Amino acid sequence: MDRYAWRDLGTRPLFFPSLSLLLGALWLPGTSSSAWVFLLCGVFLGVIGLALARLPGAHLAVLGALWLAGAGLAAWEARVEVPLELAAGGEAVLEGVVERVDPFDDATRIRLVVVSAGRGEDGMKPARFRANLTLRASESALLPGQRLRATARLVPDTPPANPGEKDFSSARRRQGIAFGGTVAPGRLLVLVPAPVWRRTLEELRERLGSAVRAVAPSQDAAALFLTLAAGQRAALDDTWEEAFSRAGLAHVLSVSGLHVAALALMTLAVLRRLLVRAGARWRQWDVRRLAAPAAVPFVWAYVLFTGTQPPAVRSAVMATVALLGLALWRRADGLNCLATAAVVMVAWAPSSVEDLSLRLSFLAVLGLVLLVPALRQALPWPPPNPSEPRRWARVLGGARETVLQTLCASGAATLAGLPLVAAAFGRVSLAGLISNIVALPLCGLLTGLAAGGAALFVVSPWVATPVLWAGAWASELLLWLTRAFAAAPLASVEVSPFGGWAAVYAVGLLAWALGTGRWRWAGGLVPLAFVGALLTPLLRPEPGLRVTFLSVGQGDAVVISSRGQHALVDGGGSPGGIDTGERFVVPYLRHQGISRLELAVLSHPHPDHALGLVSALEQVPTARLWLPAGDEGGPLSRQVIAAARDARVEEIEAGHPSLGLGEARLEVLGPPTLPERELLEGVNDRSIVLRVRHGDVTVLLPGDVEAEAEAELLPGLEAVTVMKAPHHGSRTSSTPALLRRARPRHVIFCVGRRNRFGFPHPEVEERYRALGSECWRTDVDGAVTVESDGRDVRLVPHLAREPPSPVPRLAVEAERSQVRADDSRGHRPASAHGGPEGRPRPW
């Protein structure tokens, strides 16, 4: 394989045009009304460029036209039209077409393309937007293509409320998704069934799933095989997703370049052999030129059967270009194939430029094309000599070359996607460099068995059974290899997000791969960027104490950090709801580079405090676990103890020795000791109460104590700087006596958006404001971070406080719809929070 140079990019006719189209699609205009403007200007500029093609620089006009076309297509897809009365969300009747169905264990999520909406069936108005709706699992017999009418409770799309939380708001905006929501049982009606081919395809998938599970050695093996054969990734357990990621084999779980390329090559080989054996009349033709186009329908059938995942569509486009080029006796060029796939993807779905899996897929292929030749040349072993007379030497040389090429391919894919992987996952797999060498042959075989088994199953389930059995056992073997590599030491290492160093990294990598002579020395920017990304977080000044109140919905989760030592108090949670530990707490800890806790605290065993703590402690080890004294060891407490594994478990009460955490100290004020504790009937009143002291600054964490327990706290209480409102600001807590004693300068309400309890109660908020306390709310401000230097504090909300803007009369443009969505996220004027302007205070 020849190494590319800078000049080779210009000789590929589609490379720079596709790059211009991609950059235009990445730059999403602010309003959907500009879609026509951009498209028309693109056409006009393109016509001028083609008309003046003979003049120098005319190609720049064509590239500019493609950039405008990409921006126009992106704006066209993102346009949103929402009736005025639905701008703030709430209950609404929607009518539209199901675009996507994602089944889960206890629920089903659908994406509905809404064409009309209103407050009632008699008030329906034309609309254009998408909504992600969640339904009960019992109502999951839904298919893409169905036309529905549903009564849903809509919630406007909101940005992430916590540092480190995955941000899908940009991708949803590009797709025109204006709302999320839930559909109550019995409030959904199918108006038009799905197309016949869609129903037939889904029935075939279900029957294939039953047949595979019947012959598989384990349910996990069946789930993996069905992931590759039918795109049913949801059937695979989350623990296996984690194991594949650690082992560097996560690409196996999405139908992408590996699977489509393997299928294309195997289909081509089978069709060639069949044509050769068909008779002498075919031998006068080059059978490859006949078999290549015949393989294209098989490739696309597999992509359709597995759910048209974006990476698979990209791979299918590239395979189609390569196969058609072979039919025309043209050698396929990697860059041209990739550029063609980019053009098709932007034309098909401009929002796919935000798809993480597709970005990684494109970068991996670009790395294979540009970096593999350079990496292979850098290795000290020469390529095998094809004229070697000794057969055993040729075989060994070929085997060695295969291993080296696979190693280079794995390294190239890792290097190309490293900044993106670091930003998205915070770690990179080192095991993948070796695991891919071992597992790729098995993955190719498994892909052939999966696609072949599904194809044979359509013809005859009885004939397909041996293939399905072999594929299920091959899946079991791959699971065993994955488990072994994932358990290896240093299978994956944590890496910091590159930030601005990503540009330096990309320049260095491209200079080394494409440069010649002294230009290749610019490759030294790659390790420089890597070291810079590692050191940048260490060079930032850290406050002596940082306390972050995470926004985890209706619940508590507080992270305390001081000079490299960390504690976690509660983790949020909701029975049957999202895993707050996995969704909010762990991403924040990784974002802050916290891989170990000195202390974890369960203030009291209620789900909104304990469930997220369980999943967080399963992933982040802790040295010590505090539980409230008198805890009866219920199921929630047992789950927390089991998740903490080797932690030292202590039941604490008032008077327990304080604990040093960096420059801070954690003092225990509650629950009270016996016999006073026996007089407190509620679990809330037996909450652990902590006071964090850092110089002159104190932060009070009272759990969910209510009036009786607050009275017990008064004798040992003093004025505090910051206080978490007890019991989320309910009327049964935050008594006037407590507030007069504590006199907090700042109070933080840990509450969920539009929670059904109505927390915090307006009377309680007003009580704090009357004392001059500045009020902060995690449902409005997102995560609230308290930073202390020992003398004063500043509070930093994750979400900016903005006064509501006037809602326009009719949301007919994406920009206006986005403004209404922002206004409906629960933001209030700064005065409603007790603060003057809502900006972080200086020291």
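Each remark here, short or long, concerns the structure printed above.
Since the structure is predicted, the reported quantities are computational estimates derived from the model, not experimental observations.

A. Quick peek at the side chain of Ser-475. Relative to the elements of secondary structure, Ser-475 occurs in helix H16 (residues 461-486). What makes Ser-475 buried here is its relative accessible area of 0%. Beyond its immediate sequence surroundings of up to four residues, Ser-475 is in contact with Ala-221, Leu-224, Phe-225 and Leu-446.

B. Layout of the nonpolar core. If you look at the biggest cluster of nonpolar residues, it comprises 52 residues, and the most contacted ones within it are Val-299, Leu-323, Leu-335, Phe-362, Leu-371 and Tyr-505. Going through the elements one at a time, helix H9 (257-278), helix H10 (287-305), helix H11 (310-327), helix H12 (334-348), helix H13 (356-378), helix H14 (391-425), helix H17 (501-514) and helix H18 (525-539) are the ones with two or more residues in this core. Sequence-distant contacts of Tyr-505, defined by excluding residues within four places in its chain, comprise Leu-415, Leu-418, Pro-419, Phe-498, Val-526 and Ala-529. Of all hydrophobic cores here, the second largest spans 41 residues; its members include Leu-226, Ala-243, Phe-305 and Leu-479.

C. Representation of the packing of aromatic side chains in the model. Under the definition given, this model contains twelve aromatic pairs. Where Trp-36 meets Trp-76, the ring centres are 5.2 Å apart and the plane angle is 80 degrees; that geometry is what we call edge-to-face. Taken as a pair, Trp-36 in helix H3 (residues 34-51) and Trp-76 in helix H4 (residues 58-78) lie far apart in primary sequence, 40 residues in all. Seen in terms of ring centroids, Trp-469 and Trp-473 are 6.3 Å apart; in terms of plane orientation they differ by 55 degrees. Their pairing is tilted. Of the two residues, Trp-469 and Trp-473 both sit in helix H16, four residues apart, roughly one turn of that helix. Through pairs of rings, three or more aromatic residues link up here, namely Trp-27, Phe-38 and Trp-67. Looking at Arg-79, its charged tip hangs above the ring of Trp-76, at a distance of 3.4 Å from the centre. Between Arg-314 and the ring centre of Phe-362, over which it is positioned, the NZ or CZ distance is 6.0 Å.

D. Region of interest: the side chain of Thr-340. Secondary-structure assignment places Thr-340 in helix H12. At a separation of 2.8 Å, a polar atom in the side chain of Thr-340 contacts the main-chain carbonyl oxygen of Asn-336. Dropping the residues within four chain positions of it, Thr-340 is found in contact with Leu-14, Val-317 and Val-321.

E. Local environment of the pattern of salt bridges. Within the structure shown, the criterion is met by 31 salt bridges. Residues Arg-390 and Glu-388 are paired through a salt bridge, measuring 2.8 Å at the closest nitrogen-oxygen approach. The class of Arg-390 is partly exposed, set by a relative accessible area of 44%. Residues Arg-691 and Glu-667 are paired through a salt bridge, measuring 2.8 Å at the closest nitrogen-oxygen approach. Highlighted residues: Arg-691 in strand E16 (residues 689-694) and Glu-667 in strand E15 (residues 664-670), separated in sequence by 24 residues. Here the two residues Arg-691 and Glu-667 agree in accessibility, since each one is buried. Counted as one network, the salt bridges with shared partners bring together Glu-765, Glu-766, Arg-769, Arg-777 and Asp-779.

F. View of the environment of Ala-783. In this fold, Ala-783 is placed in the loop between helix H25 (778-781) and strand E21 (784-788). Expressed as a C-alpha distance, the spacing of Ala-783 and Ala-725, which sit 58 residues apart in the sequence, is 15 Å. Contacts of Ala-783, omitting those with residues within four sequence positions, involve Ala-161, Asn-162, Pro-163, Thr-548, Phe-549, Leu-550, Ser-551, Val-796, Pro-797 and His-798.

G. Spatial organisation of the sheet that holds strand E1 (residues 90-103). Judged by pairing direction, the barrel is mixed, and its five strands sit side by side in the order E1-E2-E3-E5-E4 before closing back on the first. The sheet shows a mean angle of 50 degrees between the axes of neighbouring strands, direction not considered.

H. A look at the pairing of strand E2 (residues 107-118). Most of E2 is tucked away, with nine of its twelve residues classed as buried. As paired elements, E1 and E2 share ten bridges and run antiparallel to each other. Residue Gly-96 lies in a different strand from E2, and its bridge partner there is Val-114. As judged from the ten bridges shared by E2 and strand E3 (residues 125-136), these two strands associate in the antiparallel manner. Looking at the pairing, Ser-116 lines up with Pro-126 of E3. Linking E2 back to E3 in an antiparallel pair, the connection comprises six residues.

I. Examining helix H19 (residues 580-591) more closely. Here H19 contains twelve residues, and its C-alpha end-to-end distance of 16 Å stays within 8% of the 16 Å for a straight helix at 1.5 Å per residue. Turning to H19, its buried residues are Thr-580, Gly-581, Phe-584, Val-585, Val-586, Pro-587, Tyr-588 and Leu-589. In this structure, the buried side of H19 is in contact with strand E8 (545-549), strand E9 (558-562), strand E10 (565-569) and helix H20 (607-619). A side-chain oxygen of the first residue of H19 lies 3.1 Å from the backbone nitrogen of Gly-581; this N-cap is Asp-579.

J. Representation of the packing of H14 against helix H15 (residues 432-459). Contact geometry for H14 and H15: axes closest at 9 Å, N-to-C directions at 130 degrees. It follows from the interaxial angle that H14 and H15 lie oblique. Pair H14 / H15 crosses with right-handed handedness. The segment H14 lies against H15, with Val-403, Thr-406, Leu-407, Ser-410, Gly-411 and Thr-414 engaging Gly-432, Leu-433, Asn-436, Ile-437 and Leu-440. Considering only residue class, the contact of H14 with H15 consists of five nonpolar, six polar and no charged.

K. Region of interest: the environment of Ala-230. Turning to its location among the elements, Ala-230 is positioned in helix H7 (residues 219-230). Judged by its relative accessible area of 2%, Ala-230 is buried. With 89 residues separating them along the chain, Ala-230 and Ala-319 place their C-alpha atoms 20 Å apart. Apart from the residues lying within four places of it in its own chain, the contact partners of Ala-230 are Arg-205, Leu-208, Phe-305 and Thr-306.

L. Quick look at unusual backbone geometry. With an omega of 10 degrees, the peptide bond between Gly-670 and Pro-671 qualifies as cis. Residue position: Pro-671 is located in the loop between E15 and E16. Residues Phe-759 and Pro-760 are joined by a peptide bond in cis, for which omega reads -10 degrees. Position of Pro-760 among the secondary structure elements: in the loop between strand E19 (746-749) and helix H24 (762-770). Notably, Arg-645 is not glycine yet its phi reads approximately 55 degrees, a positive angle. In this structure, Arg-645 sits in the loop between helix H21 (635-644) and strand E13 (648-652). Even without a glycine there, the phi angle at His-727 is positive, about 50 degrees. Within the element layout of this structure, His-727 appears in the loop between strand E18 (722-724) and helix H23 (736-742).

Definitions and cut-offs
Residues numbered from 1 in each chain as written. Predicted model: local features only at pLDDT ≥ 70, side-chain atom pairs only at ≥ 80, totals over all residues. Heavy atoms only, no water. Helix = DSSP H or I, 4+ residues; strand = E, 2+ residues; numbered from the N terminus. Buried < 20%, exposed > 50% of the residue type's maximum accessible area, 1.4 Å probe, protein only. Contact = heavy atoms within 4.5 Å. Core = buried A, V, L, I, M, F, W, Y, C linked by side-chain atoms within 4.5 Å. Phe/Tyr/Trp six-rings, centres within 6.5 Å; stacked < 30°, edge-to-face > 60°. Lys NZ or Arg CZ within 6 Å of the ring centre and 35° of its normal. Polar contact = N/O pair within 3.5 Å; in protein donor to acceptor, adjacent residues only side chain to side chain. Salt bridge = Lys/Arg side-chain N within 4 Å of Asp/Glu carboxyl O. Pairing = 2+ DSSP bridges. Axes fitted to C-alpha atoms, helices over the stretch in contact; angles between N-to-C directions. Expected span 1.5 Å × (residues − 1). Parallel < 35°, antiparallel > 145°, perpendicular 65-115°, else oblique. Left-handed = near helix turned anticlockwise from the far one by under 90°. Nonpolar A, V, L, I, M, F, W, Y, C, P; charged D, E, K, R; others polar.

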